[in-house]
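# Observations on chain architecture
Chain residues, written in single-letter form:
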Amino acid sequence: MANIEIELEVNGRQEQVSVEPGKTLLHLLRENLGLTGAKDGCRSGDCGACVVIVDGRSVNSCMVLAPQAEGSSVMTVEGLAQGDELHPLQRAFAENWAFQCGFCTPGMLASCYALLEFNDNPTRDEIRAAIAGNFCRCTGYQAVVKAVEQAATELRVLKGGSRNA
Amino acid sequence: MRAKETAPGRAIPHESASLHVAGEATYVDDIPELAGTLYVALGLSSEAHARIRSIDLEAVQNAPGVVGVITAADIPGVNDCGPIIHDDPILADSEVQFVGQPIFAVAANSYTAARKAVRLAEIDYESLPAVLDVATGRQQQSFVIPPMHLRRGDAEQALQSSPSRSQGAFSIGGQEQFYLEGQISYVAPKEDGCFHLWCSTQHPTEMQQVVAHALGIDFNQVVVEMRRMGGGFGGKESQSAIFACIAAVVASKLGRPVKLRLDRDDDMTITGKRHGFEFAYDVGYDDDGQIHAARVDMAAQAGFSADLSGPVVTRAVCHFDNAYYLGDVAIDAYSVRTNTQSNTAFRGFGGPQGAIAIEYIIDNIARQLGKDPLQVRKLNFYGRDERNVTPYGQTVSDNVIHELVDELESSSDYSARRKAVAAFNRDNEVLRKGLALTPLKFGISFNVVHFNQAGALVHVYTDGSVLVNHGGTEMGQGLHTKVSQVVALELGIDVRRVRATANDTSKVANTSATAASTGSDLNGKAAQDAARQIRNRLIRFIAEEHGANLADIEFAGDRVSWGSGEIAFDELVVQAYQNRVQLWSDGFYKTPGLSWDREAMQGSPFYYFSYGAAVSEVVVDTLTGEWKLLRADILHDAGNSINPVIDIGQIEGAFIQGMGWLTSEELRWNEAGRLITHAPSTYKIPTITDCPQKFNTRLYQNHNVEDTILRSKAVGEPPLLLPFSVFFAIRDAIASLADNRINPPLRAPATPEAILDAIDALRGEHQ
Ligand code: FES
Ligand code: FES
């Protein structure tokens, strides 16, 4: 089958790629654009290693066919930092050792980023719900929750206000 | 002395922290691909046991995108990748031994093309009788290695004379490693018949060896490089070999770079898992609950080949005592051959399976006597000066289990919560709570003495930056961070100046697997030895050059000082270089004092023991079998921790992983021998929703009595035993339905189905 030309925005850059119709967004990112942050952990929508942000929402990129992403705006873990300045979530993950092998981290960060964009003062249960689709075989998740709490606090301070402090 | 041994502070980042959070940490699949790379898919057996009559791969060969196909006949060297016994074919040739065994490999221009082509194969099988479960294999005396027997005293006699007996059976399932990064190998042919292999493996040296054997070339023609794994947990110790070998054979035949990355389903279908065990036991005890004799028959599901079953089952035998003195002992252990995946290493390596059996028995004894299980546990703990020799003849000389459990009992408020649980259960018919405190003792060292060695290289460059390379592999356990800390401490410099590099068989040779929790014990010591030699040369240089007194020279804070003067570390190394002082060194370490007689199953196989304990509280819905872990409290002994943040992470992670093994992770095979739980949709590893809201983990203040690296203790595997407390809390909740008088026959994993079965059995007996 002929390749399909698609256009999409990735980490703020407009990209044009030619992909086989069956290719997933995950593999478009990894293979066509060399963005190997998002990982292939199961390719069946179960593990969350491939999570990226599409139009503001966290999605399992292994479950999205590349042509479906036509015209959308995608953000991957590589797009979280502003230049050399890490996003507070990235800093909090590093400071709290919210990873061991690190293979789940890009997906975990994307899920948490989506949560904090939409809710900068999440309860512990909301954090748990946000990462319920992200497997981590290493950490037992405690450090991840701690990191998200720290990042949320920092983000609220940075924004200079909050729903309720 | 203590202060000096303490590692340099807590706020040390993970050596790759900034890479991980930026998505820039490179795993094998992220390495930029070489031009001409081919992708491999595997053709797998659909039969559990059969003779292969014929293989027709013509359609496969002619499929679009296919560049080459290989079968066993294409292997130029030996068709075997077994780690100990040579019964592990790389590709099955005349006979298949389990559903999922690789028979051929297809290399194509894309994974999709390779995968599509695989389906076009025509394989004609002639079915042979298959053994699909342990009981059948045990009955048929179908073993992968000879049975093992351990005896102390006369267990038979002691059982006869014991006032009471606990007799029965207990079964425990296996566990899929579910490393988040699946198995992967990437091989590039190099000049002069050499190969470079990037492989997600815990054992680069063994990969080098098996690839060389498969290709019929020398070890020095294969370089294996391994920067980091996305998890290993034992599953990438021996079982990365088959994929490395297949990729290498394809690369050698086609002369192209070859990548073999498994789909999750194929990975789970092909690779071995934690061994499931069946136990039959007979234990004699007195009216207080003290054990006088134990006889146990343990049968492990080895799968179709030996792989690491020998050492795994040995470790199970050596951990049946857990933290208890058992009197006279008779253990018979069988590694049962079944027509299933060849089971292998998984964090704990048989230790957890052996130890949970005695915990189950002690739990029984307590209920039979109407006591709190914790009392009976304490009563049977190894003594300090007597009752302190294990069934395999090693004296337990570093015992802290009494103090540790006492501390946890009070910090977790055990007795008040025991009462509260009883009160809750009096008021609730359907929801029942359970509470349990379980201890652990775990022996550290490889059970094979000669594996307990390690090497390292340390280079100090003339700008004062340092590079360390050692024989261990990084799989998330923080090994590179700990080793870097050790080197930094030795040279008195900031850890940020030390870079740990990829394990590489062309740097440190003949390494052991990063396994048995020994990674930092062995490699930390080797790196310390290397750094110390450089430090000693620098000391001699300063003494000569600056007339310093040897004893006054100190390395700290990126400076070196002596009574009358001091110098920045980077200036010193320039001076030393200009004076022709060697600024790099190798280092070596071998663990002292180990012995093991495999036949008699006697000796001192462990350098020391780690200890820990956990309290778990659960609530069980006795109508549906659903349950929830409400709270967990852990106290664990990591000795003088090199890095408390790493160690606590290891403990929390092991606890949740072990809880998965004992509760939600169930392996099921159908009547044809096909693993039906071969994907995360059917095989349930814990997610955040399974974790307790209250989860308190603390390190026990301790100091290794042995001269280990900075007096720390290994922490990789031991905490996998902590979630025994979850399993026994569930059993405690169930037992409350019959006033804690009857022992619920709960199997592991305690899935809701298993819980309901136990409840039914209990009610049946109660009436
Ligand atoms: S790779 Fe997409 S959910 Fe696992
Ligand atoms: S850190 Fe290894 S899977 Fe999460």
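Use the structure listed above.
What counts and how
Per chain, the residues get numbers from 1 upward, laid out in the order the sequence is written. A letter from A marks each chain and a number from 1 marks each ligand, given out in the order of writing. Since the coordinates come from a predicted model, pLDDT governs what is reported: local features require at least 70, and pairs of side-chain atoms require 80 or more to be given and counted, while whole-chain, interface and lining totals use all residues. Going along the chain from the N terminus, every DSSP run of H or I of four or more residues is numbered as a helix, and every run of E of two or more is numbered as a strand. We take the radius of gyration over the C-alpha atoms and set the globule estimate at 2.2 Å times the residue count to the 0.38 power. We call a residue exposed when 12 or fewer other C-beta atoms sit within 10 Å of its C-beta, buried when the count reaches 20 or more, and partly exposed for counts in between; the C-beta positions come from the backbone. By the criterion used throughout, residues are in contact when their C-beta atoms, derived from the backbone, lie within 7 Å. Strands are labelled as partners when DSSP assigns at least two bridges between them. Orientation is described by axes fitted as lines to C-alpha atoms, over the contacting stretch for helices, and by angles from 0 to 180 degrees between their N-to-C directions.

## Some thoughts on the overall build of chain A
Of regular secondary structure, chain A possesses five helices and five strands. Its helices and strands in sequence order give chain A the pattern β-β-α-β-β-β-α-α-α-α, from N to C terminus. Whereas a compact globule of 165 residues would reach a radius of gyration of roughly 15 Å, chain A reaches 16 Å, a difference of no more than 12%. In terms of overall dimensions, chain A has a C-alpha envelope of 55 × 35 × 25 Å along the principal axes. Expressed as a percentage of the 165 residues in chain A, the buried residues total 56%. Sequence separation of 24 or more characterises 58% of the internal contacts of chain A that already satisfy a separation of 6 or more.

## Overview of the sheet that holds strand 18 (residues 466-470) of chain B
Residues and elements named next belong to chain B. Taken together, the four strands give an open sheet; going across it, the order is 19-18-17-24, and neighbouring strands pair in mixed fashion. With one partner strand each, in any of the chains shown, strand 19 (498-500) and strand 24 (584-590) form the two edges of the open sheet. Within this sheet the neighbouring strands show an average axis-to-axis angle of 20°, counted without direction. Together, strand 17 (453-460), strand 18 and strand 24 form the strand contacts of helix 16 (residues 519-546), whose direction differs from that of strand 24 by roughly 140°.

## Concerning the pairing of strand 9 (residues 184-190) of chain B
Residue and element names in this part refer to chain B. A large share of strand 9 lies buried, amounting to five of its seven residues. Of the pairings in the sheet, the one linking strand 9 to strand 12 (residues 258-261) comprises four bridges and is antiparallel in character. Residue pairing for strand 12: Val187 is matched across the bridge by Val258. Examined bridge by bridge, strand 9 and strand 10 (residues 194-199) share six bridges and lie antiparallel to one another. Bridged to Lys190 within strand 10 is Cys194. Here strand 9 folds back onto strand 10 in antiparallel fashion, the turn holding three residues, of which Asp192 has a positive phi close to 60°.

## Comments concerning the sheet that holds strand 28 (residues 627-637) of chain B
Residues and elements named next belong to chain B. Overall, mixed pairing links the four strands, which are arranged 16-27-28-29 in an open sheet. Both outer strands of the open sheet, strand 16 (431-444) and strand 29 (694-700), are each paired with one neighbouring strand and no more. Strand-to-strand twist in this sheet, taken as the mean axis angle between neighbours without regard to direction, amounts to 15°. Pairing of strand 16 with strand 27 (residues 608-621) involves 14 bridges; the strand directions are antiparallel. Considered in strand 27, the bridge of Leu435 is made with Glu617. Against the sheet, helix 19 (residues 724-735) makes contact with strand 16, strand 27 and strand 28, and its axis sits at roughly 150° relative to strand 16, the strand it touches most.

## As for unusual backbone geometry
Residue and element names in this part refer to chain B. The omega angle of the peptide bond from Ala748 to Pro749 is 5°, so this bond is cis rather than trans. Summarising the element assignment, Pro749 is placed in the loop between helix 19 and helix 20 (752-766). Positive phi, normally seen in glycine, also occurs at Ala516, with a value near 55°. Summarising the element assignment, Ala516 is placed in the loop between strand 20 (503-504) and helix 16.

Treat this as a map of the structure, not an account of what it does.
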